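# Structure at a glance
What follows is each chain in one-letter form.
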Amino acid sequence: MLYSATAVTGRSRLIRHRTDLLEWLTRPRTGPEVLWYLNPYTLSHHRAGHFAMGGDDHVVIDGGTTARLVSALTGRPCESLSFDYGGVAVDALDRLSGTGARLGLIGGTADEATRVATFLQDRHPGIEVVLARSGYDTDTRDLTQNVVRARPDVLLLSMGSPRQEALALALKARLERPTAIVTCGAFVHQTARHPYYPALYTRRNLRWLYRAMTTPHIAPRILRHYLPFLARAALRRPQLPLRD
């Protein structure tokens, strides 16, 4: 089902700025919390009921165009906080390194997850990677047991939407440890190939174009989800699943 510009269910708390995201990652919490990212593709899945984020979850905006739209709709500035090495990931992981955080990774192939775990510990030596699992594993019970045993402070789910959001909610319901559960799309796949984006594309805010040219499923995704959303939003004010 394509995203409707008007229909919406559930409203997650919006994190607008990088500094607020960094604070959220490392703040004391009493239980597991979920942070997901909003773009026209994840919005389509949310609207179709493939996952049901709610008012006690948090959301960031992924992509400059969507961030500008949210800024215009709400009358307050909002940054794109894409979790990759061209975005907020460097500052986030440096912040976690400074606190000696226990980090879990689920995403990519088993080999990619292992290589990214080594890369992160080398680049951010204060981080302890306590879990690195393939994102292609569909056994939710086994993944949950692994997360429970690993006891991460922060868990990155790099599995693609809607699987990563569905797993995030399942883990939130089952974990007792106060864990920050962060969905992050293709982070593991891209970081295993670091540097993933050529500098020119990053400087000119054209990372979306590079992905469209190099990743087969991205161009159809833009045509099916992004362009219809922007066209409808131009005609009618969209209701988005977020709140301050």
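Thresholds, definitions, all that
Residues numbered from 1 in each chain as written. Predicted model: local features only at pLDDT ≥ 70, side-chain atom pairs only at ≥ 80, totals over all residues. Heavy atoms only, no water. Helix = DSSP H or I, 4+ residues; strand = E, 2+ residues; numbered from the N terminus. Buried < 20%, exposed > 50% of the residue type's maximum accessible area, 1.4 Å probe, protein only. Polar contact = N/O pair within 3.5 Å; in protein donor to acceptor, adjacent residues only side chain to side chain. Axes fitted to C-alpha atoms, helices over the stretch in contact; angles between N-to-C directions. Left-handed = near helix turned anticlockwise from the far one by under 90°. Contact = heavy atoms within 4.5 Å. Nonpolar A, V, L, I, M, F, W, Y, C, P; charged D, E, K, R; others polar. Phe/Tyr/Trp six-rings, centres within 6.5 Å; stacked < 30°, edge-to-face > 60°. Lys NZ or Arg CZ within 6 Å of the ring centre and 35° of its normal. 1 Å grid on protein atoms, 1.4 Å probe; cavity = no way out; pocket = protein on both sides within 12 Å on 5 of 7 lines; lining within 4 Å. Points joined across faces, edges and corners; volume = space filled by probe spheres on them.

## Considering the side chain of Glu-112
Locating Glu-112 in the fold gives a position in helix H5 (residues 110-123). The exposure class of Glu-112 is buried, given its relative accessible area of 6%. Within the local environment of Glu-112, its side chain forms a polar contact with the backbone nitrogen of Thr-109, the two atoms lying 2.9 Å apart. There is a polar contact of 2.8 Å between the side chain of Glu-112 and the side chain of Arg-193.

## Some thoughts on the packing of helix H1 (residues 18-26) against helix H4 (residues 89-99)
As a packed pair, H1 and H4 sit with axes 10 Å apart at the nearest point and diverge in direction by 35 degrees. Regarding H1 and H4, the two cross each other, and that crossing is right-handed. Residues Arg-18, Leu-22, Glu-23, Leu-25 and Thr-26 of H1 form the contact with H4, whose own contacting residues are Asp-91, Ala-92, Arg-95, Leu-96 and Thr-99. Looking at the contact of H1 with H4 residue by residue, the classes come out as four nonpolar, two polar and four charged.

## Thoughts on the packing of aromatic side chains
Any two aromatic rings considered together are summarised by their centre-to-centre distance and by the angle between their planes. Under the criterion given, the structure shown has eight aromatic pairs. With centroids separated by 6.2 Å and ring planes inclined at 15 degrees, the aromatic side chains of Tyr-85 and Phe-187 adopt a geometry described as stacked. You can see Tyr-85 sitting in the loop between helix H3 (64-74) and H4 and its partner Phe-187 sitting in helix H8 (residues 187-191), a full 102 residues away along the chain. With a relative accessible area of 1%, Phe-187 lands in the buried category. Note on Tyr-201 and Tyr-210: the rings are 5.3 Å apart at their centroids and 55 degrees apart in plane angle, and the pair reads as tilted. Site record: aromatic cluster; members linked through ring pairs are Phe-83, Tyr-85, Phe-119 and Phe-187. Between Arg-29 and the ring centre of Trp-24, over which it is positioned, the NZ or CZ distance is 4.6 Å.

## As for the layout of surface pockets
One simple way to see leftover space: roll a probe sized like a water molecule over the atoms. Each pocket or cavity is described by its volume, and for the second largest pocket that value is around 170 Å³. As for the second largest pocket, its lining consists of Asp-84, Tyr-85, Gly-86, Phe-187, Gln-190, Thr-191, His-194, Pro-195, Tyr-196, Tyr-197, Ala-199 and Thr-202. Sorting the residues of the lining of the second largest pocket by element identifies H8 and helix H9 (199-203) as the ones contributing at least two each. Looking at which element gives the most residues to the lining of the second largest pocket, the answer is H8, with three residues. Here the residues of the lining of the second largest pocket are counted per class, giving six nonpolar, five polar and one charged.

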